[in-house]
Amino acid sequence: MSTIRVAIDGPSGAGKSTLARAAAATMGFLYVDTGAIYRTVGLSARDRGVDPGDEPAVAAMLPSLRVELRYDEAGQQRMLLNGRDVSGEIRLPEVSRYASAVSALPVVRAYLMETQRELARKHDVIMDGRDIGTVVLPDAEVKVFLTASPRARAERRCRELEERGTPQPFEEVLRDIEDRDFRDTHREAAPLRQAEDAVLLDTSALDFRQSLEALLVIIRERTGL
Ligand code: DC
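Cut-offs used in this document
Residues numbered from 1 in each chain as written. Predicted model: local features only at pLDDT ≥ 70, side-chain atom pairs only at ≥ 80, totals over all residues. Heavy atoms only, no water. Helix = DSSP H or I, 4+ residues; strand = E, 2+ residues; numbered from the N terminus. Rg over C-alpha atoms; globule rule 2.2 N^0.38 Å. Buried < 20%, exposed > 50% of the residue type's maximum accessible area, 1.4 Å probe, protein only. Contact = heavy atoms within 4.5 Å. Areas by Shrake-Rupley, 256 points an atom, 1.4 Å probe, with all protein chains shown as cover. Lys, Arg positive; Asp, Glu negative; His and termini not counted. Charge placed at Lys NZ, Arg CZ, Asp CG, Glu CD. Core = buried A, V, L, I, M, F, W, Y, C linked by side-chain atoms within 4.5 Å. 1 Å grid on protein atoms, 1.4 Å probe; cavity = no way out; pocket = protein on both sides within 12 Å on 5 of 7 lines; lining within 4 Å. Points joined across faces, edges and corners; volume = space filled by probe spheres on them. Nonpolar A, V, L, I, M, F, W, Y, C, P; charged D, E, K, R; others polar. Near = heavy atom within 4 Å. Polar contact = N/O pair within 3.5 Å; in protein donor to acceptor, adjacent residues only side chain to side chain. Pairing = 2+ DSSP bridges. Axes fitted to C-alpha atoms, helices over the stretch in contact; angles between N-to-C directions.

Asker: In this structure, what is going on with the overall build of the protein chain? I would like to understand it.
Answerer: A count of helical and extended segments in the protein chain gives 9 helices and 8 strands. Against the compact-globule benchmark of 17 Å for 225 residues, the protein chain has a radius of gyration of 17 Å, which places it among compact chains. Overall, the protein chain is about 50 × 45 × 35 Å in size when its C-alpha atoms are taken along their principal axes. Put simply, the protein chain has 225 residues, and 46% of those count as buried. Within the protein chain, contacts between residues at least 6 apart in sequence are counted, and of these 72% link residues at least 24 apart. With an accessible surface of roughly 11300 Å², the protein chain has 50% of that area assigned to carbon and sulfur atoms. Seen as two clouds, the 32 positive and the 37 negative side-chain charges of the protein chain have centres 2 Å apart.

Asker: I would appreciate a short explanation of the nonpolar core in the present structure.
Answerer: As a rule of thumb, soluble globular proteins bury nonpolar side chains together. Judged by nonpolar contacts, the single largest core of 34 residues is most densely connected at Val41, Met79, Val108 and Met127. Top element by residues in this core is helix H2 (residues 34-47). It accounts for 6 residues. Filtering out sequence-adjacent residues up to four positions away, Met127 remains in contact with Val6, Ala7, Ile8, Val32, Thr34, Gln116, Leu119, Ala120, Ile132, Val136 and Leu137. If you look at the next biggest cluster of nonpolar residues, it comprises 21 residues, including Ile8, Ala20, Ala23 and Ala24.

Asker: Honestly, the layout of surface pockets in this entry has me stumped. Any pointers?
Answerer: Summary: where empty space remains is shown by rolling a probe the size of a single water molecule over the atoms. By volume, the second largest pocket is sized at about 220 Å³. Leu30, Val67, Glu68, Leu69, Arg70, Tyr71, Thr115, Glu118, Leu119, Lys122 and His123 together form the lining of the second largest pocket. Of all the elements in the fold, those that place two or more residues in the lining of the second largest pocket are strand E3 (67-71) and helix H5 (106-122). It is E3 that provides the largest number of residues to the lining of the second largest pocket, a total of 5 residues. In terms of residue class, the lining of the second largest pocket is made up of 5 nonpolar, 2 polar and 4 charged.

Asker: Where do I start with the site of the ligand in this structure?
Answerer: In the vicinity of the ligand lie 14 residues, with Thr34, Arg39, Arg109, Arg130 and Arg187 positioned nearest. A distance of 3.0 Å is found between a nitrogen atom of the ligand and a side-chain nitrogen or oxygen belonging to Thr34. Compared with its free state, where it exposes 450 Å², the ligand has 91% of that area covered by protein. Those elements giving two or more residues to the shell around the ligand turn out to be H2 and helix H4 (93-102). Considering each element in turn, the shell around the ligand owes the most residues, 4 residues, to H2. Partitioned by chemical class, the residues of the shell around the ligand number 3 nonpolar, 5 polar and 6 charged.

Asker: What am I meant to see in the pairing of strand E1 (residues 5-9) here?
Answerer: Here is the key point about a regular strand: its side chains alternate between the two faces of the sheet. With 4 of 5 residues buried, E1 is to be regarded as a mostly interior element. Taken together, the 5 bridges between E1 and strand E6 (residues 125-129) define a ladder with parallel strand orientation. When the bridges of E6 are listed, Arg5 appears paired with Val125. Pairing of E1 with strand E7 (residues 142-147), which is carried by 4 bridges, proceeds in the parallel orientation. Paired with Val6 across the bridge in E7 is Val142.

Asker: Can you help me understand the sheet that holds strand E8 (residues 199-202) in this one?
Answerer: Within a sheet, neighbouring strands are paired by backbone hydrogen bonds and run either parallel or antiparallel to one another. Sheet architecture is open: 5 strands sit in the order E2-E6-E1-E7-E8, paired in parallel fashion. Only two strands of the sheet have a single partner each, and these edge strands are strand E2 (30-33) and E8. Here the strands of the sheet are splayed against their neighbours by 20° on average, with no regard to which way each runs. Where H2 meets the sheet, its contacts fall on E2 and E6, and the angle it forms with E2 comes to roughly 40°.

Nothing here speaks to function; it is geometry throughout.
Spelled out as structure tokens, the structure:
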């Protein structure tokens, strides 16, 4: 039986993972956070003292990595690196920088492709990332390009940082988002771009509930579920 594949791409901070997770729970699909997979490879480079921009060095490291996804009783995705649960560690800001660097390497993208496609062959999935609709699952039944203006994303990020007790000035957060957007859209390997057949969902003026509703309408319309 063929599976249903929902691809959600977009820039960081657009609310992809929160919305994709909630939509997957509503639809009864498996949620796959592909950023976590790149983060796991980034963590490994950091742990082994490998320069994440040095493609031959990173390529030499890959055969000794076992990157696995697991789902706990609550349905949360966990990442295992050679059997060790690294789900917490991969969220460290330092690991974000390593993940960003290794994700620009074609050798890493090729290495992780099959892991992602295999999940979509076995399960109905909502998969989020940067190149899911364009490269990983070009035949996905539903493609959404989820975005929000840099200012809206910076405002949300500032609120999150404040709630965590680590506030940062708005202008700094905004600059960081704009820099990351530039890097994501200008890299050579699988740059972030909207697939031609993707539906654009701009959540700048929507709250979480409204964004989720809009996302579910798109998914239901396209799948007939
Ligand atoms: O979504 P995130 O911040 O967890 O992603 C971590 C890094 O991996 C980020 O620099 C973008 C990159 N990434 C990617 O290149 N392709 C994907 N499909 C998912 C993430």
